[in-house]
2 protein chains.
Amino acid sequence: MNIPDRRIQEASNMIAFTRGVPATEAFPVEALGECAASALAKYSSQILQYDSFRGFGPLREFIAAGHGLQPDQVLLSQGALQIVDFIARSLITPGTTVLVEQPSYDRVIKVLRRAGATVVGVPLQEDGMDLTACEELIREHHPLMTYVISDFQNPSGTTMSEAKRGAFAALAEQYGMLVLEDLPYRRLRYAGDDIPTIQSMIPHRTIQLSSFSKLLSPGLRVGLAFGPQQYMDRLGKTAQDTYITPSLLSQATVFEFIDRGLLPAQIEKLHNLYRPRLSELLAVLDTEMADLGTWARPEGGFFVGVTLNKSFKAEALIARGLEKGIQLTNGRDFFADGRGNTFVRLPFCALTTDEIDEGVRTLAQVVRSL
Amino acid sequence: MNIPDRRIQEASNMIAFTRGVPATEAFPVEALGECAASALAKYSSQILQYDSFRGFGPLREFIAAGHGLQPDQVLLSQGALQIVDFIARSLITPGTTVLVEQPSYDRVIKVLRRAGATVVGVPLQEDGMDLTACEELIREHHPLMTYVISDFQNPSGTTMSEAKRGAFAALAEQYGMLVLEDLPYRRLRYAGDDIPTIQSMIPHRTIQLSSFSKLLSPGLRVGLAFGPQQYMDRLGKTAQDTYITPSLLSQATVFEFIDRGLLPAQIEKLHNLYRPRLSELLAVLDTEMADLGTWARPEGGFFVGVTLNKSFKAEALIARGLEKGIQLTNGRDFFADGRGNTFVRLPFCALTTDEIDEGVRTLAQVVRSL
């Protein structure tokens, strides 16, 4: 009875296209065990006592050094979503407008709305937001901020081009808008080259979010954000008033893992595990679904989002999918305007190539049958 | 620059009466290191992946079994304060009244107010709330709930008598009021016998909060709540929408510590460490401050709260204390109505008997000088 729904489903023979999660076999279990014990031995008085609301100091120093920041510009929390919640609670008042890509990460849309935000979607193209639409929406709604996942976007898999990042940064600058740039998948690039972040272009108006959930483990719940000091102080105050100090053992364990030099090999392992899964997904989409929809061709991340060219309610697709052995997320959840009935997010990291192959063939049959 | 203010202060020669924290030397560092490594080895697929928003299953099962509950009636989070925040966000709307003891835990008052609650203080007597005043305030304000720390109250050190618990439970029943009973210090009883909890009297209208912060370590951030299923589902939904899954490594580490049978000896160790500190505090208060104020004589917990019988602003006391080498918390923070200028909370667990002795002597001098 303690098993969450998702795990009950997983235990069945269903192919779960619902789970945007890492492959369980990728967790560096033994190393993390050693790192946790070692972190407790080395840092016990820091991590067992109440400490800074900003999180474990050495990990903040490491992150800050990598971005030319002060450690106090970094906030560590229980996953990046909780930091979005702090941002929402610190900066949003009822009626504040926030732009998001459309589609975007459903949980973030929910967190922003819970704080009273009006969330408006900017149509997403294969190389990032439609910037003409974006500027029109800025002029119409005067948004406080835009939430954007620049690399391997959730749920579409698109990556914003360098040209668009520059133009978007210029828009943010022109209209005095804050940018939340969420990059949990950035280091999961299986091909091609990194593109400069929006944060690197306009650091004075960007809060960048990231996480070790996709690189090491989600259950550790180590998310991070950095940005201008005045914003980080406001978020930090909200964090302090919520939990005094975040959960420090996980943060110190992650730091110890990094300090031992283990992260590059872990990321390489993930690349080698996930790259063929993405290739398989794109290949079977090409052979099975070319006439049924369109999708981006991501070079990394967790997802390929398919926009089907038929018309039906998401519920019909989901129900027929369950009958045939695949689980799908409701596409409307990703759309701020509630459209998205025919949008299907396909996560591939936690599925074998065989499951991906069978799952997409089933999806194609299901779509044809509707 | 990563050191929080409190630790900077601690590093000085000040005696910190500001810190309601465990003694750092009481942390079972080595055992926790072994438990963390062992938990990762045993439960890796549960604690490294996303899991239930309610928290680590085996620890919930253990807690539930101890109280005759279902495991899904237990919610684990990053400390009990975050659960109070979930309660506030789930159940409070602007204008909702919540009663608290006066004085009460300052951070909870803040969390309740942040959610829009009107927080009203019920005068605290040595054996718990003044129930005549409580009933009047219930009739006047129709509170949704009352937040009460029944054992070794923070900040006063008082314990609610069994008779008052029964009468208060009857009031809650009569007026249809929810009770939040926070018991982080319950197992830190250095003398005398346990008194039945309010939760045991009216389980259908009580959410009980507790934590491993005072028993094992605050930095692990393992707080818990249990109560009627419908409330726990609402809190759980808010938790899920905030962080998906709580930080699981700490929760599994705590479970492993319990599962190895180590908790009773750890608590016994704390009793033996803290008992003489409390005795020393009460003794030096008697010799140095008998004419300056009144206080409860707690049989456990972390605090003795002194109500001074002079009149001045808290700021004057704090400033003069700093000049003389003691740090004090602003007493007004504990009072919902902003009184409390002459209330002084004295935490004793993280101070040696020598520090307690010197600190109280200094406090007495400071008070006399005002």
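Residues numbered from 1 in each chain as written. Chains lettered and ligands numbered in written order. Predicted model: local features only at pLDDT ≥ 70, side-chain atom pairs only at ≥ 80, totals over all residues. Heavy atoms only, no water.

### Examining the overall build of chain A
For clarity, the threshold we go by: By the criteria applied, helices consist of DSSP H or I runs no shorter than four residues and strands consist of E runs no shorter than two, each listed in order from the N terminus. Restricting the calculation to C-alpha atoms gives the radius of gyration, and the globule rule supplies 2.2 Å times the number of residues raised to the power 0.38. By the convention used here, residues are in contact when the closest approach between their heavy atoms is within 4.5 Å. We get accessible surface area from the Shrake-Rupley algorithm with a probe of 1.4 Å; when it comes to residues, only the shown protein chains can shield them. Neither His nor the chain ends is counted toward charge; the positive residues are Lys and Arg and the negative residues Asp and Glu. Lys charges are placed at NZ, Arg charges at CZ, Asp charges at CG and Glu charges at CD.
Scanning chain A for helices and strands turns up 13 helices and 13 strands. Taking 21 Å as the expected radius of gyration for a compact globule of 370 residues, we find that chain A reaches 20 Å, a close match to that expectation. For chain A, the spread of C-alpha atoms along the principal axes amounts to about 60 × 50 × 40 Å. Across chain A, the fraction of contacts at a sequence separation of at least 24, relative to all contacts at a separation of at least 6, is 73%. Carbon and sulfur atoms make up 49% of the accessible area of chain A, which totals about 12900 Å². In chain A, 36 side chains carry a positive charge and 42 a negative one; their mean positions are 4 Å apart.

### Structural notes on the relation of the copies chain B and chain A
Just so we agree on the cut-off: Here the copies are superposed with least squares, the fitted atoms being C-alpha atoms of residues at a pLDDT of at least 70 in both.
Superposition of chain B onto chain A requires a rotation of 180 degrees combined with a translation of 0.0 Å along the rotation axis, giving an RMSD of 0.0 Å. What we have between these two chains is a two-fold relation. A shared binding surface is used by both copies, with 100% of the interface residues of chain B retained as interface residues in chain A.

### Quick notes on the pairing of strand β6 (residues 145-148) of chain A
All names here are of chain A. Rules: Throughout this description, buried means an accessible area under 20% of the type-specific maximum (1.4 Å probe, protein chains only), exposed means over 50%, and partly exposed covers the range between. Pairing between strands is defined by DSSP: at least two bridges between the two strands are required. By the criterion used throughout, a crossover qualifies as right-handed when its path from the first strand across the helix to the second strand runs clockwise, the strands pointing away from the viewer.
Alternating residues of β6 divide into Met145 and Tyr147 and Thr146 and Val148, and every residue in both groups is buried. Note: strand β3 (residues 97-102) against β6, 3 bridges, orientation parallel. Opposite Val100, over in β6, you have Tyr147 as the bridge partner. Since β6 and strand β7 (residues 178-182) lie parallel, the crossover through helix α7 (residues 162-175) that links them has a hand, and here it is right-handed.

### Examining the domain arrangement of chain A
Residues and elements named next belong to chain A. Where we set the bar: Those domain boundaries reflect an automatic or database domain assignment. We count a salt bridge whenever a side-chain nitrogen from Lys or Arg sits within 4 Å of a carboxyl oxygen from Asp or Glu. We call two N or O atoms a polar contact when they sit within 3.5 Å, provided that within protein one can donate a hydrogen and the other can accept it, with sequence-adjacent residues counted only if both atoms are side-chain atoms. Lys, Arg, Asp and Glu make up the charged group, whereas Ala, Val, Leu, Ile, Met, Phe, Trp, Tyr, Cys and Pro make up the nonpolar group; the residues left over, Gly among them, are polar.
The domains assigned to chain A are domain 1 (5-28 + 264-369) and domain 2 (29-259). Here the C-alpha centre of domain 2 lies 25 Å away from the C-alpha centre of domain 1. Facing 32 residues of domain 1, the contacting portion of domain 2 comprises 37 residues. Scanning the region where domain 1 abuts domain 2 turns up 1 salt bridge. One salt bridge in this structure joins Arg189 and Glu299, with 2.8 Å as the shortest N-O distance. The interface formed by domain 1 and domain 2 includes 19 residue pairs in polar contact (both at pLDDT 80 or more). The set of elements that each furnish at least two residues to the side of domain 1 that touches domain 2 consists of α11 (263-289), β11 (303-308) and β13 (343-347). With 7 residues, α11 is the largest single contributor of residues to the side of domain 1 that touches domain 2. Partitioned by chemical class, the residues of the side of domain 1 that touches domain 2 number 19 nonpolar, 6 polar and 7 charged.

### A word on the sheet that holds strand β13 (residues 343-347) of chain B
Residues and elements named next belong to chain B. Just so we agree on the cut-off: Between N-to-C directions, angles span 0 to 180 degrees; the directions come from axes that are lines fitted to C-alpha atoms, helices contributing only their stretch in contact.
Here 3 strands make up an open sheet; going across it, the order is β10-β11-β13 and the pairing antiparallel. One side of each edge strand has no neighbouring strand; the edge strands of this open sheet are β10 (293-295) and β13. Averaged over all pairs of adjacent strands, the angle between their axes in this sheet comes to 25 degrees, without regard to strand direction. When β10 meets strand β11 (residues 303-308), the two strands line up antiparallel, connected through 3 bridges. Note that in β11 the partner of Thr294 across the bridge is Thr307. Where helix α11 (residues 263-289) meets the sheet, its contacts fall on β10, β11 and β13, and the angle it forms with β11 comes to roughly 15 degrees.

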